[in-house]
Amino acid sequence: MLQVFSQEHDRLCLLQGYSSLAITTQLADGDKKLTFQYPRIGMGAEYLKNECYIRTAEDEYVLKEISGGKKWRTYTAQLNLEDLQGKSFVAFETVEKTVNECLTEALAGTGWKVGQCDISKERTIRKDNVCTVMDIIAQCIKTYKAEIQYHTLEKVIDVVERVGNDKGVYFMEAINLRKPPEFSSTSTGLYTQIRPVGKDGLRINVNGKDYIENHSYSPKNLMLTWKDERYTIEESLLEDATLKLEEISRPTVTYEVDVIDLAKAADEYREILAYGIGDTITLVSKTEEIKEKMRIAVIT
């Protein structure tokens, strides 16, 4: 079901007969993209104009791109985060606050609020130049090591340590994989040592060293000096440096898979094969000799 609304949010029509509808969800920033095709002379096609609003049962989008030929046109819309893009600050700062406290202050007056939040650590968010609420949210994702989900119809942002679960789901040939996975791996940006530096030259001290190491993947000594003047507490600097090194001390491995969603096709598979963004699954391919646990980072 696709409902079309004007730029003034007046309901214009309900689209019927569209095809190739796809929603792409990103784990990294919580964003979504909607694409579909619709007949050029279909009922209500005259309402499909740039910057109108399109609602699904779960979210609202803003139509940004229109392309196509004589019979069918392709429409691309972005998640409606206009209220967050429209509020700006000359500068913004919260010192040693939780992410809930930081975002509550940033969201004031936008109509949005923080929903679920399971992160209790305190950090400093500082923007010295003009910024929007979206800029602050992006900084919160990095500083608090948070993952977020937008609920645009309710105007709620969930901020959690980890989206998704490990429910024991398998992606496996002869079950739900249509073809062997496509593989890529990169070690660009790999480091095994990190020397964190906070405000006024704040350093850590771990057994007499001002840096930490992680050689779980490589014995090489590859040093990164990481400076962030928002840190004024050594324990916080050490904690976040450890998390950062955990991410960058091994190659980034990605698999692209084409999966049959059997959980939607039959009730008998709903409990054992249902999956969502952020979930951990076990990928098994005899063809490629793969058996690995992976997280779902993008779903289309």
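Above this text sits the structure in question.
Residues numbered from 1 in each chain as written. Predicted model: local features only at pLDDT ≥ 70, side-chain atom pairs only at ≥ 80, totals over all residues. Heavy atoms only, no water.

A word on the packing of helix α2 (residues 99-107) against helix α3 (residues 133-143)
(1) Moving on: Contact pair α2 / α3: the axes reach a minimum separation of 10 Å and the direction vectors enclose 170°. By the angle between their axes, α2 is roughly antiparallel relative to α3. Of α3, the residues touching α2 (which contributes V99, C102, L103, A106 and L107) are V133, I136, I137 and C140.
(2) Moving on: Taken together, the residues that form the contact of α2 with α3 break down as nine nonpolar, no polar and no charged. (Axes fitted to C-alpha atoms, helices over the stretch in contact; angles between N-to-C directions. Helix = DSSP H or I, 4+ residues; strand = E, 2+ residues; numbered from the N terminus. Parallel < 35°, antiparallel > 145°, perpendicular 65-115°, else oblique. Contact = heavy atoms within 4.5 Å. Nonpolar A, V, L, I, M, F, W, Y, C, P; charged D, E, K, R; others polar.)

Remarks on the side chain of S285
(1) Moving on: Within the secondary structure, S285 sits in strand β21 (residues 280-285).
(2) Moving on: For S285, a relative accessible area of 1% gives the class buried.
(3) Moving on: One polar contact links the side chain of S285 to the main-chain amide nitrogen of E288, over a distance of 3.1 Å.
(4) Moving on: Dropping the residues within four chain positions of it, S285 is found in contact with E173, P181 and I290. (Buried < 20%, exposed > 50% of the residue type's maximum accessible area, 1.4 Å probe, protein only. Polar contact = N/O pair within 3.5 Å; in protein donor to acceptor, adjacent residues only side chain to side chain.)

With respect to α2
(1) Moving on: For α2, the set of buried residues is V99, C102, L103, A106 and L107. Along the long axis of α2, the arc covered by the buried residues comes to 120°, so they all point the same way.
(2) Moving on: Of the residues one or two after α2, G109 is the one with positive phi, at around 90°. (Arc of directions from axis to C-beta.)

Thoughts on the sheet that holds strand β14 (residues 156-160)
(1) Moving on: Spatially, three strands are ordered β10-β14-β13 in an open sheet, and the strand pairing comes out mixed. Every interior strand has two partners, whereas the edge strands, β10 (113-117) and β13 (147-151), have only one. Geometrically, the sheet is characterised by an average inter-axis angle of 25° between neighbouring strands, direction not taken into account.
(2) Moving on: Relative to β14, β13 runs antiparallel, the two being bridged by five bridges. By the bridge assignment for β14, Y150 is matched with I157. (Pairing = 2+ DSSP bridges.)

That is the geometry; function is a separate question.
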